[in-house]
Amino acid sequence: MPKIAETISQAISISDQVLALIVLFLSFASIFLTLLTINGSASNIKEIVIKNILLFSTTLVFITEVLSAFGQLYYNTLLLSWIVVFAFTLILIITTNGDLLGTIGIQWRLFKDQLSSLNRTEKIFSGLLLILLMLVFIQGLVYPPNNWDSMTYHLPRITNWISHHSVSHYPTHIPRQIYQPPFSEFLIMHCNVLSVGDYFSNSISLLFLMASSYVILLIVASFGLPKEFRFLSVLLALTIPEVLLQSSSTQNDVVLSFFTLSSFYFAFKAVKEPIPENFIYFGLSIGLGVLTKATAYIYLTPLIVWFGMAIIIRFVATKKLIFFKYSIIAASLFLCINSGHYTRNYQFNKTFLGTDVAESKKYTNESTSPALWLSNLAKNVGLQIAPFPINIITDKIIVKLHQMADVDINFAGTNYKNRKYQGSTNPVGEDTAPNPIHFFLAILSSLVIGTQLFKGKVQIKKPVTHLILIMFQVFLFCLFLRWQPWHTRLHTSLFLLSIPIICYAASLSETFYKGVKVIIPVAIVYAFTVVLLNTARPFISTPLTTKISILDNRYKKYFAYRIYLYNEYNWIRKKLGSTENLNIGLMLGGDQWEYPLFCQSYNKEINPIHIKVTNFTKSCPSQMKKLEYIVATTVNDTILEYNNQRFYNLSGKNKFIWLYAGQ
């Protein structure tokens, strides 16, 4: 009987978790239906999807910040908040004078018409893309988050927030947990808390990839290109290797790419159609982009500068103050969305970005000059130009060019942590995978547009302006950021932004268009290859993949990149998991793995507390409590003393991580 009761209790618990996650989904869907009701049968369904994501994301930030301010980040309060959102939007749908069912019917018929208009080749390619996306989705479910950043800061900051019931800053041995923009982790936290696990953590990036393809469709349509080029844009967007690899992980570059794309779309639309709605969504896009990743400052600065200049020109031409009034609304939304993170940063170290001088210098160039900028450009190109082992040849060429220019390719002032230059070392690794097909298509499309512009066959209108803004993004990227071997991941936004440019160039040159159509099957095969052979989450294990199999137990899969840690972490996890309400002191290195210690603690009161912190986060308020255990990767002593309490080493024979128990 006790076993039966326990089984029933577990079943009820699982059903509650599923229902909680459904409430989150229903809230998302209800916002979409509200927008559909308001816009009626004239709705642009793709634009509605984009607006829905922006409003849902803004609501999520609001809920997180409000609950955090009162120290109320709990399962019940999050669930209640989303029930309120669902109820509110449901009331709006009911009370809005609109024919929702009629609108859905019209949109469904339009969707069926679009499907039936596809030719045989397009149907085959569409089927292949669906299979590809399904594989990525399954990959993200079967494998837990297991890349290095997930283990050190993406997900550990979430377990700390949950234990503190707040997103307030805290002392940590890993400063990135504090100052890095948190939106992606906010969203993952809501999913993980409501589902009481991390099974859907990886799916966030995939959802934003699909949403990004919608924005690309809208941008291509705004270029005035016919249907075949819109279909081409989706094929190109969903076959970028680095994008697919990240879409089964918790890396946030795909999420940032969506907000960058939507910023471009609504910026151009606001200049053309100066109505409040366009400025509002532009403000939400740039605000959420900056709250997602710091590289947004580089990618969005050229757009914001162009937008400001365009607004001034429109004002001078029309003498209408609405351009400035609406721009203030956009700027206010940007500040509101980031106000919580900016405030927390400023309170603890008097900067809005939250880093100290030493931390920021690790990522920004120490010195600049035309020669060093060209060096950085060449090194970034070297990451994309060819996969291993072909890049051995291209690397030699890049090194030779540096020697001819008398520039040190390994200059410490422009290389991250004095790393030696090397091109992409792993074509199926999410941090280093090159995108050679899309890189050369982007370069060739720029040449095609440039040639047509020089001949006077095209004018500097929207597509050309779009291309110029991408060029300025590249310029700023190489000007400010030190070269890193994993920059190929940071280039994600550039590649997705370049897809409309490739399509526009194909519309200008029949020869280029034919070449693109020939290369598409190759790109699809390449895409399936990188997904199936994903280094950390392989369907098929090879010498290029880690020593993890799809058949391994879920906990072991966390250690794809550091399999030698598995046994020691697993022993400590079981020891900590056998007790409730623990206060656990952490003494970790600055880039050590924290999350595997607490990955299965979403339904337990376990409180990790970083102790003896020496970096700049030590000034953050700390929850000083009596500790039951200390976990350390930096100290292997028989006895540790902390706050007049003795802790005894239970794992002295370990080589990498040690557990100390309090007396």
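Since the model is a prediction, treat every value here as computed from it, not as a measurement. (Residues numbered from 1 in each chain as written. Predicted model: local features only at pLDDT ≥ 70, side-chain atom pairs only at ≥ 80, totals over all residues. Heavy atoms only, no water.)

1. With respect to the overall build of the chain
(1) Moving on: Across its full length, the chain carries 26 helices and six strands.
(2) Moving on: Relative to its length of 663 residues, the chain is compact, with a C-alpha radius of gyration of 26 Å against a globular reference of 26 Å.
(3) Moving on: Along the longest, intermediate and shortest principal axes, the C-alpha atoms of the chain span 80 × 70 × 50 Å.
(4) Moving on: Going through the 663 residues of the chain one by one, you find that 57% of them count as buried. (Helix = DSSP H or I, 4+ residues; strand = E, 2+ residues; numbered from the N terminus. Rg over C-alpha atoms; globule rule 2.2 N^0.38 Å. Buried < 20%, exposed > 50% of the residue type's maximum accessible area, 1.4 Å probe, protein only.)

2. As for the pattern of salt bridges
(1) Moving on: Taken as a whole, this structure holds 16 salt bridges when the rule is applied.
(2) Moving on: Where Asp-149 meets Arg-489, a salt bridge forms, and the shortest distance between an N and an O atom there is 3.5 Å. Note that Asp-149 is positioned in helix H6 (residues 148-154) and Arg-489 in helix H22 (residues 487-490), a separation of 340 residues in sequence.
(3) Moving on: In this structure Asp-149 comes out as buried when scored by relative accessible area, which is 10%.
(4) Moving on: With a shortest N-O distance of 2.9 Å, Arg-489 and Asp-431 are connected by a salt bridge. You can see Arg-489 sitting in helix H22 and its partner Asp-431 sitting in the loop between helix H19 (391-405) and helix H20 (436-454), a full 58 residues away along the chain. Of the two residues, Arg-489 and Asp-431, both sit in the buried class. (Salt bridge = Lys/Arg side-chain N within 4 Å of Asp/Glu carboxyl O.)

3. Topic: the sheet that holds strand S6 (residues 658-662)
(1) Moving on: Reading across from one edge, S2-S1-S3-S6-S5-S4 is the order of the six strands in this open sheet, with mixed pairing throughout. Each edge of the open sheet is held by one strand with a lone partner, namely strand S2 (606-610) and strand S4 (639-642). Between one strand axis and the next, the sheet turns through 30° on average, direction left out of account.
(2) Moving on: Bridge analysis of strand S3 (residues 629-632) against S6 gives four bridges, and the strand direction is antiparallel. Bridge pairing links Tyr-629 to Ala-661 in S6.
(3) Moving on: Against the sheet, helix H26 (residues 566-577) engages strand S1 (582-587), S2, S3 and S6, with an angle of about 25° to S6. (Pairing = 2+ DSSP bridges. Axes fitted to C-alpha atoms, helices over the stretch in contact; angles between N-to-C directions. Contact = heavy atoms within 4.5 Å.)

4. Regarding the environment of Val-516
(1) Moving on: One can find Val-516 in helix H24 (residues 510-532).
(2) Moving on: For Val-516, a relative accessible area of 0% translates into the label buried.
(3) Moving on: In this structure, the C-alpha to C-alpha distance between Val-516 and Ile-502, residues 14 residues apart in sequence, is 8.8 Å.
(4) Moving on: The residues touching Val-516, leaving out its near neighbours within four places in the chain, are Leu-232 and Leu-441.

5. What to know about H24
(1) Moving on: Counted at 1.5 Å a residue, the expected span for H24 with its 23 residues is 33 Å, and the 34 Å between its end C-alpha atoms agrees.
(2) Moving on: The principal kink in H24, of about 30°, is found at Ile-519, preceding the proline Pro-521 by one to four residues.
(3) Moving on: Along H24, the residues that are buried comprise Phe-512, Tyr-513, Val-516, Ile-520, Ala-523, Ile-524, Tyr-526, Ala-527, Phe-528, Val-530 and Val-531.
(4) Moving on: Along its buried surface, H24 packs onto helix H5 (120-142), helix H11 (227-237), helix H12 (241-246), H20 and helix H23 (492-508). (Expected span 1.5 Å × (residues − 1). Bend = angle between axes of the 7 residues up to and from the residue.)

6. A look at the nonpolar core
(1) Moving on: Phe-183 and Phe-208 are the most contacted members of the largest nonpolar core, which has 177 residues in total.
(2) Moving on: It is helix H13 (residues 253-272) that provides the largest number of residues to this core, a total of 13 residues.
(3) Moving on: Ranked by size, the runner-up nonpolar core spans 12 residues in total, among them Met-587, Ala-632, Val-635 and Leu-640. (Core = buried A, V, L, I, M, F, W, Y, C linked by side-chain atoms within 4.5 Å.)

7. Examining the packing of aromatic side chains
(1) Moving on: Applying the stated rule across the entire model yields 37 aromatic pairs.
(2) Moving on: Chaining the aromatic ring pairs together yields one cluster made of Trp-148, Tyr-555, Tyr-558, Phe-559, Tyr-566, Tyr-569, Trp-593 and Tyr-595.
(3) Moving on: Here the basic side chain of Arg-554 rests over the ring of Tyr-199, its NZ or CZ set 3.9 Å away from the ring centre. (Phe/Tyr/Trp six-rings, centres within 6.5 Å; stacked < 30°, edge-to-face > 60°. Lys NZ or Arg CZ within 6 Å of the ring centre and 35° of its normal.)

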